[in-house]
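Structural overview for review
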Amino acid sequence: PGPLWWAFHWEDADKQAERTGSPRPAPAQAERAKNGCVVLIDEIDKAEAEVPNGLLEALGSGEMTPPGLGRTIASRAPLPLVVITSNNERTLPDAFMRRCLVIHLRLPPERNALIDLLMRRGRAHFVEADDTILRRSAELLADDRRAAQDATLQPFPGQAEYLDLVRAVLALAPGDLKKQSSALDQVAEFTLKKYVD
């Protein structure tokens with residue numbers, strides 16, 4: 001059973017997982033699921049074309065029919081809150097979009113605001129990182145992002161590249177600020193710059 005099945009009917013998904021030997025969530029999650037679930041569908045624009053309409057139908061009726069099961073499962077819990085991300089690589093159906101609350105996430109265009117935002121995100125992901133590494137990584141990204149925008153080269157480096165850069169630097173020199181600082185400039189060439197100068 002996939003995440004939507006677990007969110008719709010925990011007990012039924014658990015029985016199916018037992019029958020098929022599929023992974024099962026921790027037992028403590030079953031009790032929390034009674035209060036409702038949140039399901040994340042990341043990059044729905046990369047899914048099969050029928051996924052948005054299938055999701056719309058399942059959430060609209062409160063029922064789903066898992067492929068190959070041959071029976072319908074009605075939701076026994078509050079319908080899940082479904083969070084969906086998209087990179088807008090494909091247009092999603094109008095009927096689906098009308099039923100969505102849409103939030104467009106954009107990085108701040110102003111350099112200092114961008115650096116501050118990236119540092120906050122970096123601290124949230126990497127509590128062990130020194131502020132000098134977080135700041136220098138953010139400054140490098142802000143500079144490369146501005147250069148890419150000025151040259152109209154897409155995609156612009158963003159938060160994902162920033163987090164990848166910090167993650168790589170911390171992995172290359174765990175606990176050694178001097179080595180991390182040295183690795184930062186070397187690794188930045190590969191993580192931030194998407195195009196040759």
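Structural notes, computed from the coordinates. These figures come from a predicted structure and were not determined experimentally.

This brings us to the side chain of Gln16. Note on placement: Gln16 falls in helix H2 (residues 10–20). Aside from chain neighbours lying at most four places away, what touches Gln16 is Pro1, Trp5 and Leu69.

Using the criterion set out here, one finds 0 disulfides in the structure. In this model Cys37 remains outside any disulfide bridge; the closest cysteine sulfur is found in Cys100, 19 Å from its own. Using a relative accessible area of 26% as the deciding quantity, one classes Cys100 as partly exposed.

For the structure shown, the criterion picks out 11 salt bridges. Here Asp14 ties to Arg24 by a salt bridge, and the two come within 2.8 Å at their closest N and O atoms. Here the residue Asp14 occupies a position in helix H2, and Arg24 occupies one in the loop between H2 and helix H3 (27–33), the gap between them amounting to 10 residues. We classify Asp14 as partly exposed; its relative accessible area is 23%. With its nearest N and O atoms 3.7 Å apart, the salt bridge here joins Asp150 to Arg146. Of this pair, Asp150 and Arg146 both sit in helix H7 (residues 131–150), 4 residues apart, roughly one helical turn. On the basis of relative accessibility, which here comes to 57%, the residue Asp150 falls in the exposed class. Each member of the salt-bridge network shares a partner with another, and the members are Glu43, Lys46 and Glu89.

Turning our eyes to something else, we now look at the nonpolar core. Core analysis: the biggest nonpolar cluster contains 20 residues, and Leu4, Leu55, Met64 and Phe96 have the highest contact counts within it. Of all the secondary-structure elements, those providing two or more residues to this core are helix H1 (3–8), H2 and helix H4 (51–61). For this core, the leading source of residues is H1, giving 5 residues. Those residues in contact with Phe96, other than ones at most four positions away along the chain, are Ile44, Pro52, Leu55, Leu56 and Ile84.

Turning to unusual backbone geometry, a few remarks are in order. With omega at 5°, the peptide bond leading from Gln154 into Pro155 counts as cis. Relative to the helices and strands, Pro155 resides in the loop between H7 and helix H8 (159–172). Although it is not a glycine, Glu43 sits at a positive phi angle of roughly 55°. Here Glu43 shows up in the loop between strand S1 (38–41) and H4. We classify Glu43 as partly exposed; its relative accessible area is 28%. If you check the backbone angles, Thr152 has positive phi at about 50° while not being a glycine. Among the structural elements, Thr152 can be located in the loop between H7 and H8.

Time to look at the packing of aromatic side chains. Tallied over the full model, the rule gives 1 aromatic pair. For the pair Trp6 and Trp10, a centre-to-centre distance of 4.8 Å together with 65° between the ring planes defines the contact as edge-to-face. For Trp10, a relative accessible area of 15% translates into the label buried.

Glancing now at the packing of H7 against helix H9 (residues 177–191). At a closest axis distance of 10 Å, the pairing of H7 and H9 adopts a crossing angle of 15°. Viewed along their axes, H7 and H9 adopt a mutual orientation that is roughly parallel. In this structure, H7 crosses over H9, and the sense of that crossing is right-handed. Contact with H7, carried on its side by Thr132, Ile133, Arg136, Ser137 and Leu140, involves Leu177, Gln180, Ser181, Leu184, Asp185 and Ala188 of H9 and no other residues of that element. Of the residues in the contact of H7 with H9, the class split is 5 nonpolar, 4 polar and 2 charged.

How each quantity is defined
Residues numbered from 1 in each chain as written. Predicted model: local features only at pLDDT ≥ 70, side-chain atom pairs only at ≥ 80, totals over all residues. Heavy atoms only, no water. Helix = DSSP H or I, 4+ residues; strand = E, 2+ residues; numbered from the N terminus. Contact = heavy atoms within 4.5 Å. Disulfide = S-S within 2.5 Å. Buried < 20%, exposed > 50% of the residue type's maximum accessible area, 1.4 Å probe, protein only. Salt bridge = Lys/Arg side-chain N within 4 Å of Asp/Glu carboxyl O. Core = buried A, V, L, I, M, F, W, Y, C linked by side-chain atoms within 4.5 Å. Phe/Tyr/Trp six-rings, centres within 6.5 Å; stacked < 30°, edge-to-face > 60°. Axes fitted to C-alpha atoms, helices over the stretch in contact; angles between N-to-C directions. Parallel < 35°, antiparallel > 145°, perpendicular 65-115°, else oblique. Left-handed = near helix turned anticlockwise from the far one by under 90°. Nonpolar A, V, L, I, M, F, W, Y, C, P; charged D, E, K, R; others polar.

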